[in-house]
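Structural characterization, general
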Amino acid sequence: MSARPPAPRPGRPNVPPPPWTGKPLRRLTAGELAEALEYLERHRPDDDVLGRALAGEFARRTAAEHHAFHFD
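A brief look at the structure comes next. This one's a predicted model, so the numbers in the text were calculated from it and none came from an experiment.

Details of the overall build of the protein chain
Along its length, the protein chain carries two helices and zero strands. In the protein chain, buried positions account for 18% of the 72 residues. Summarising the internal contacts of the protein chain: among those between residues at least 6 apart in sequence, 51% fall at separations of at least 24. On the protein chain, roughly 6000 Å² of surface is accessible, and the fraction owed to carbon and sulfur atoms is 59%.

What follows is the structure in structure tokens.
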């Protein structure tokens, strides 16, 4: 595994990272988690560890919201 970031894709401008990239995982909103998963899929599809962490937190968060919605 390389420590270098992936090379930019041809034909794509070097765009600054989204504002949520500096937030701790637990402070991301559900919308930011979904956006992060989409971003990861487009830009770093082979980063399984980060993808699993984001997906796990998103699933936990949405399950908690679903549970609270149905049992309040």
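Details of the side chain of arginine 61
For arginine 61, the position within the fold is in helix 2 (residues 48-71). Engagement of the side chain of arginine 61 in a polar contact is seen with the backbone oxygen of leucine 25, the distance being 3.5 Å. Here the side chain of arginine 61 touches leucine 28 through a polar contact of 2.4 Å, landing on its backbone oxygen. Setting aside residues no more than four positions away along its own chain, arginine 61 makes contact with Leu25, Arg26, Leu28, Thr29, Ala30 and Leu33.

Examining the nonpolar core
The biggest cluster of nonpolar side chains holds six residues, and these are Trp20, Leu28, Leu33, Ala36, Leu40 and Leu54. Of all the elements, helix 1 (residues 30-43) adds the most residues to this core, at three residues. Aside from chain neighbours lying at most four places away, what touches leucine 40 is Pro45, Asp47, Leu50, Gly51 and Leu54.

Some points on the pattern of salt bridges
Per the counting criterion, the structure on display carries four salt bridges. Its salt-bridge partner being glutamate 57, residue arginine 60 comes within 2.6 Å of it at the nearest N-O pair. Note that arginine 60 and glutamate 57 are positioned in helix 2 at a spacing of three residues, about one turn of the helix. Residue glutamate 57 pairs with arginine 61 through a salt bridge whose shortest N-O separation is 2.8 Å. Of this pair, glutamate 57 and arginine 61 are both found in helix 2, four residues apart, which corresponds to roughly one turn of the helix. Under the relative-accessibility criterion, glutamate 57 is labelled buried at 11%. Sharing partners across several salt bridges, the network here consists of Glu57, Arg60 and Arg61.

Let's talk about helix 1
Look at helix 1: 20 Å from first C-alpha to last across 14 residues, which is about the 20 Å you get at 1.5 Å a residue. What helix 1 keeps buried is the set Ala30, Glu32, Leu33, Ala36 and Leu40. Seen end-on, helix 1 carries its buried residues on one side only, within an arc spanning 155 degrees.

The rules behind the values
- Residues numbered from 1 in each chain as written.
- Predicted model: local features only at pLDDT ≥ 70, side-chain atom pairs only at ≥ 80, totals over all residues.
- Heavy atoms only, no water.
- Helix = DSSP H or I, 4+ residues; strand = E, 2+ residues; numbered from the N terminus.
- Buried < 20%, exposed > 50% of the residue type's maximum accessible area, 1.4 Å probe, protein only.
- Contact = heavy atoms within 4.5 Å.
- Areas by Shrake-Rupley, 256 points an atom, 1.4 Å probe, with all protein chains shown as cover.
- Polar contact = N/O pair within 3.5 Å; in protein donor to acceptor, adjacent residues only side chain to side chain.
- Core = buried A, V, L, I, M, F, W, Y, C linked by side-chain atoms within 4.5 Å.
- Salt bridge = Lys/Arg side-chain N within 4 Å of Asp/Glu carboxyl O.
- Expected span 1.5 Å × (residues − 1).
- Arc of directions from axis to C-beta.

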